[in-house]
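The residues making up each chain are set out below.
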Amino acid sequence: MRILLVEDDRDVAGFVVKGLREAGHVVEHAANGRDGLFMAASESFDAIILDRMLPGGIDGLRLLETLRAQENTTPVLFLSALGQVDDRVKGLKAGGDDYLTKPFVFAELLARVEALTRRGKADSVVTRLAVGDLEMDLLSRSVRRAGQKIDLQPREYRLLEYLMRHAGQVVTRTMLLEGVWDYHFDPQTNVIDVHVSRLRQKVDKPFPRPLLHTVRNAGYIMRPDNEA
Amino acid sequence: MMSQVARPLPARAPDAADAPAEPRPRFLPRVRRVKFLRSSALRFALLYALIFGVSALALAIFLWWATAGLLNRQVEAAINADAQGLSERYQEGGLAALVLTIQDRLAQSLDENAIYLLANAQLKPITGNLSVWPGQVSGPDDWFELPVERGSHEALARMHRYDLPGGFHLLIGRDVASRAKLRSLLTAGLLWALLLMVVLGSVGAIVIQSLFRRSLADVSETAAAIARGDLSNRVRLSGRGDEFDRLAETINDMLDRIARLMDGVRQVSNAIAHDLRTPITRARARLEDAALHARDAGDLHAAVERATFDLDGIVSVFQGLLRIAEIEVGSRRSAFASLDLYALLSDMQELYGAVAEEQGLEIELLAKPPLPVFGDRDLLQQAVANLLENALKFSPPGRPILLGAGRLGDKIEIVVADGGCGIPPEDLDRVTERFFRGESARSTPGSGLGLALVQAVMQLHNGSLRLEDNQPGVRAVLSLPAEFNASRRLKGAPAVETPAV
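The structure reproduced in this document is the subject of the present report. (Residues numbered from 1 in each chain as written. Chains lettered and ligands numbered in written order. Predicted model: local features only at pLDDT ≥ 70, side-chain atom pairs only at ≥ 80, totals over all residues. Heavy atoms only, no water.)

### Thoughts on the overall build of chain A
Scanning chain A from N- to C-terminus turns up eight helices and twelve strands. Going through the 228 residues of chain A one by one, you find that 48% of them count as buried. Within chain A, contacts between residues separated by at least 24 positions form 58% of all contacts whose residues are at least 6 apart in sequence. When the accessible area of chain A is evaluated, it comes to approximately 11,100 Å², of which 48% is carbon and sulfur surface. (Helix = DSSP H or I, 4+ residues; strand = E, 2+ residues; numbered from the N terminus. Buried < 20%, exposed > 50% of the residue type's maximum accessible area, 1.4 Å probe, protein only. Contact = heavy atoms within 4.5 Å. Areas by Shrake-Rupley, 256 points an atom, 1.4 Å probe, with all protein chains shown as cover.)

### Quick look at empty space enclosed by the protein
Residues and elements named next belong to chain B. Considering all chains together, one arrives at two cavities of 30 Å³ or more under this definition. In this structure, the largest cavity spans a volume of roughly 70 Å³. For the lining of the largest cavity, the secondary-structure elements that each account for two or more residues are α5 (68–108) and α6 (177–227). Taken together, the residues of the lining of the largest cavity break down into four nonpolar, one polar and four charged. (1 Å grid on protein atoms, 1.4 Å probe; cavity = no way out; pocket = protein on both sides within 12 Å on 5 of 7 lines; lining within 4 Å. Points joined across faces, edges and corners; volume = space filled by probe spheres on them. Nonpolar A, V, L, I, M, F, W, Y, C, P; charged D, E, K, R; others polar.)

### A closer look at the interface of chain B and chain A
Facing 24 residues of chain B, the contacting portion of chain A comprises 23 residues. At the junction of chain B with chain A, the criterion picks out seven residue pairs in polar contact (both at pLDDT 80 or more). For the side of chain B that touches chain A, the elements supplying multiple residues, two or more each, are α8 (297–329), α9 (341–358) and α10 (377–394) of chain B. For the side of chain B that touches chain A, the leading source of residues is α9 of chain B, giving ten residues. Across the side of chain B that touches chain A, the residue classes tally to eight nonpolar, five polar and eleven charged. (Polar contact = N/O pair within 3.5 Å; in protein donor to acceptor, adjacent residues only side chain to side chain.)

### Some thoughts on the environment of S142 of chain A
All names here are of chain A. Secondary-structure assignment places S142 in strand β8 (residues 142–145). We classify S142 as buried; its relative accessible area is 16%. S142 sits 15 residues away from Y157 along the chain, and the two C-alpha atoms are 8.6 Å apart. When sequence neighbours within four positions are dropped, the list of residues in contact with S142 reads E135, M136, D137, K149 and Y157. A distance of 2.9 Å separates the side chain of S142 from the side chain of S140, its partner in a polar contact.

### Thoughts on the pairing of strand β11 (residues 212–215) of chain A
Residue and element names in this part refer to chain A. When β11 meets strand β12 (residues 219–222), the two strands line up antiparallel, connected through four bridges. The residue bridging T214 from the neighbouring strand is Y220, located in β12. Joining the antiparallel neighbours β11 and β12 is a turn of three residues, in which N217 adopts a positive phi near 60°. (Pairing = 2+ DSSP bridges.)

### As for the sheet that holds strand β10 (residues 170–172) of chain A
Residues and elements named next belong to chain A. Strand order in the open sheet formed by three strands is β10-β12-β11, with antiparallel pairing between adjacent strands. The two strands at the open ends of the sheet, each matched to only one other strand, are β10 and β11. Neighbouring strand axes in the sheet, compared pairwise and without regard to direction, differ in orientation by 35° on average. Sitting on the sheet, helix α6 (residues 154–165) touches β10, β11 and β12, and the angle it makes with β12 is about 75°. In the packing of helix α7 (residues 173–180) onto the sheet, contacts are made with β10 and β12, and the angle to β10 comes to roughly 75°. (Axes fitted to C-alpha atoms, helices over the stretch in contact; angles between N-to-C directions.)

### Here we look at the side chain of T172 of chain A
Summarising the element assignment, T172 of chain A is placed in strand β10. Leaving out residues up to four positions away in the same chain, T172 of chain A has contacts with A107, E108, A111, A218 and G219 of chain A.

### Looking at the sheet that holds β8 of chain A
All names here are of chain A. The antiparallel open sheet is built from four strands, whose spatial order is β6-β7-β8-β9. Of all strands in the sheet, those bounded by a partner on one side alone are β6 (128–131) and β9 (148–150). Here the average twist between neighbouring strands, direction ignored, is 25°. Pairing of strand β7 (residues 134–137) with β8 involves four bridges; the strand directions are antiparallel. Bridging from a neighbouring strand, D137 pairs with S142 of β8. Together, β6, β7 and β8 form the strand contacts of α6, whose direction differs from that of β7 by roughly 115°.

### Remarks on the packing of aromatic side chains
All names here are of chain A. Tallied over the full model, the rule gives six aromatic pairs over all chains. The interplanar angle of 40° and the centroid separation of 6.4 Å between the aromatic rings of F15 and F104 together place this pair among those described as tilted. Taken together, the residues F15 in helix α1 (residues 10–22) and F104 in the loop between β5 (98–101) and α5 (106–122) connect sequence positions 89 residues apart. Each ring, one from F78 and one from Y99, has its centre 5.7 Å from the other, and the planes form 45°; the classification is tilted. Linking F78 in strand β4 (residues 76–80) with Y99 in strand β5, this pair joins segments that are 21 residues apart in sequence. (Phe/Tyr/Trp six-rings, centres within 6.5 Å; stacked < 30°, edge-to-face > 60°.)

### Focus: the packing of helix α2 (residues 33–42) of chain A against helix α3 (residues 60–69) of chain A
Residue and element names in this part refer to chain A. At a minimum axis distance of 10 Å, the contact between α2 and α3 shows a crossing angle of 25°. By the angle class used here, α2 and α3 are roughly parallel. The two elements α2 and α3 meet at a crossing, and its hand is right-handed. On α3, the residues touching G33, G36, L37, A40 and A41 of α2 are L63, T66 and L67. Looking at the contact of α2 with α3 residue by residue, the classes come out as five nonpolar, three polar and no charged. (Parallel < 35°, antiparallel > 145°, perpendicular 65-115°, else oblique. Left-handed = near helix turned anticlockwise from the far one by under 90°.)

### Some points on the nonpolar core
Formed by 96 residues in total, the largest nonpolar core has its most connected members in L160 and L176 of chain A together with L341 and Y352 of chain B. Aside from chain neighbours lying at most four places away, what touches L176 of chain A is L159, Y162, L163, V171, W181, I192, V196 and Y220 of chain A. In terms of nonpolar packing, the next biggest core, distinct from the first, is built from 19 residues, M39, L50, I58 and L67 of chain A among them. (Core = buried A, V, L, I, M, F, W, Y, C linked by side-chain atoms within 4.5 Å.)

### Quick look at helix α11 (residues 450–460) of chain B
All names here are of chain B. Where burial is concerned, most of α11 is hidden: eight out of the eleven residues are buried. Three or more residues of α11 are buried, namely L451, A452, L453, V454, A456, V457, M458 and L460. The elements touched by buried residues of α11 are α8, α10, β11 (464–469) and β12 (474–481). Residue N462 follows α11 closely and has a positive phi angle near 55°.

### Considering unusual backbone geometry
The amide bond that connects P369 of chain B to the next residue, P370 of chain B, takes the cis arrangement and shows omega of -5°. Look at the link from Q471 of chain B to P472 of chain B: it is a cis peptide, with omega at -5°. Within the fold, P472 of chain B resides in the loop between β11 and β12. The residue D182 of chain A is not glycine, and still its phi comes out positive at about 60°. Inspection of the secondary structure puts D182 of chain A in the loop between α7 and α8 (191–203). Positive phi, normally seen in glycine, also occurs at L123 of chain B, with a value near 65°. Topologically, L123 of chain B is positioned in the loop between β1 (114–119) and β2 (125–128). Owing to a relative accessible area of 32%, L123 of chain B belongs among the partly exposed residues under this scheme.

So this is what it looks like as C-alpha cells:
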C-alpha cells in the first residue's frame, strides 16, 4: 500500500514511517501542509494520514477540504492532538474517514489505516464471506464451518461478520467496540475480550485449527492458519 | 439626590487647587475631565438635556413665528397691498393721480397707522403724513424699521421704499409701536420660558444621572471586587424586578458559573498535582531502574513495556479528566438527540452481561420500553457503563446486579444496584470527586474518575446522581428529565412549517 503521511513532528513522523514500512507499506512523508497538499494532489495514494495542526499556512482541515474539492477521494485518517468531540466531528465533516487522537498506539493506527483502504472495496455487494473453511452467508445470516452449522446470537454474528470482513487484518478492541457495538468510550474492563472468547468457543473450539488469533498489544486477527 | 449630584464637583475642586503643587499642573485636571465626560451616566444626562433643550427651543421658535412673526407678516402684507394700489394709480394717472390718491387715503384715514410719503428726486417731500424724508432710509426697494416724527407724536414705523419712474420716491409704512410692544412682550415671555426649560432640563438630566449612577453603583462595586479576586461578591437586587434587576440576576448567574468553573479548575489542578505524579513517578523510576540495572535485553524490554503500560494509564487518566472538563463546560449539548433509554440499557446489559457471567455474576435488566429522553447517547452509555463497571468490580459472586429503569413523575430513573461491599457513609459525599478512591477500592485498578464523569454527564443532562445504601452494596440512581413531548415534537414540526408555505 502507498501511504502519505503529513506530520510536522519529526519524532512521531519517523516512528510512524518506520512502523508502516516494517508492515510492508510504501510511505511518503511531508512535513508541512503545503508540501502535503502538493503531494496528495499530484500523486496517487491508497491512504493519507493527516495531522490537524501543521505549519506552512495550510492546516490539515484545509488541506483535506481542498483535496475533496478537487474530487480526490483518497481515504484520509486524521491523527491529531485535538481530541475533543467537536474536533472529531469537524474532522469527519471535512471529509475525513477516521480520526485517531494523539497519543496513539501504533498497532491501532496501523489497523485503522489498513481498514480504511478496505472500506472502498467492501462497498461492492458481497453476499458471502469466507475465511479458511468458515463461511458466512449474509443473505440467510447463517454461518457454517467445515459444512457444520454454527448457531450464533445476533451480536456474535455481527462480531464475526466484522472480523471476517477484515480478515487478514489486525482489528483492535476499540475498532470492535465502535464497529460492532457503536460505542465511543474506553471501557475499563476487558468486555471485548470476553465477547471474543465466547465467539471463539463456538467458532474455533470444536475445530482442529483456530482462525481467530490474538495479536499481543494490538487486538485480533482472523485468518486461515496456514498463512501465519 | 442633590448631594449625589454635587459629588463630582467638590472632588474635582481640590485637584484644581492642588494643581500648582503637582509636577505637571495642567495635565491632571485635564485627564480628570476626560474621565468625567466618559461617564455614561453623564452622557445619558447630557443627551436628555440636549433633546429636552432642542425640543423646548423648537417650540419657542414656533410660538414666536406663529405670534410675533404673524404680526410682522400682516403689516408687510398691508404695505405690499398699498404699494400695489398706488403703483397702479401712478401708471394710470401719473404723479397727479398718485398725489391725489395718497391725500385721499390720509383724509379718509382708512388705517390710522398708515404712513405715506412721496418725495421728489432730491428727497423733498411732495405729499404724505411725514414732514421730512427719514435720513436712514437710503437704499431703494428695502424694508426699514425706525422711529419717525409723525405729526405731533413719535412713532415706530415699519416702511418700504419704492422708487418710481421719473425720479420720485415713495415711502409706504405702518406705525407699529403698539405691535412692537406686544412683540417684545411675547419675546420676553418666550425667553423666560426658555430659561425655565433649560433649568428644568438640567434638573431632569441631573436626576437621570443620579438614578443611573445609583443603579449601576452596585454592579460596578461588585465587578471591582471580583476584579480584585474576591469571587464571592454578588450584585444586590433592588427587588423591583426591573431591567437593572434582570441585569443583576444575569451577572450573578454568570458569576456563579465562573465560580463553579474556577472551582473545577482548582480541583483538577490539585488532582493532577497529587494523583498524576504517582504514576508518572512510577514510570520514570521503572525506566531509570532499567537503564541502570537491567542485566540483559529481556529485562530492558520488559521494563520498557511496563513503562509504556504506565504511560497509557496516565494518558487515559488525562483523557478522562479532559472529557469531564469538556462535559462540565457544557459544550457537548450539540450531540443531544431524542433517544430511547431502553434500547441503550439492553445493549449495555448484553455487553456487560458476558463479563458478569465470567465472574459468576448476573446482570438483571428490569425496564419496560419506551423510556424517551433527550440527551447525548455516547455520554449516557459511558455513564451507565461506569456504574456497571463499578458494580462488577465490587460485587461478590452469586449476588445479581440490578440494572433497572422506569418513569417516576416527569423523571426517568436508572438504577444500578449491586450487593457488594458498599460505600462507607462518611465517603458518600466524596466519591464523585475526581480521583477520590475509597479504602476498599485502593487495591483494585481504576483512576477514581468514574463517578466524577457520571456526575458531570448527569449535570449536563439536568439530571442527578444519587448514591444510596443497598444493604448491602450500593444503589446508584441516575435521575433524568423524561422527554414527554417526544412524539408531539415530531408531529409538531411540520405543523409549524405549514402556515409559512
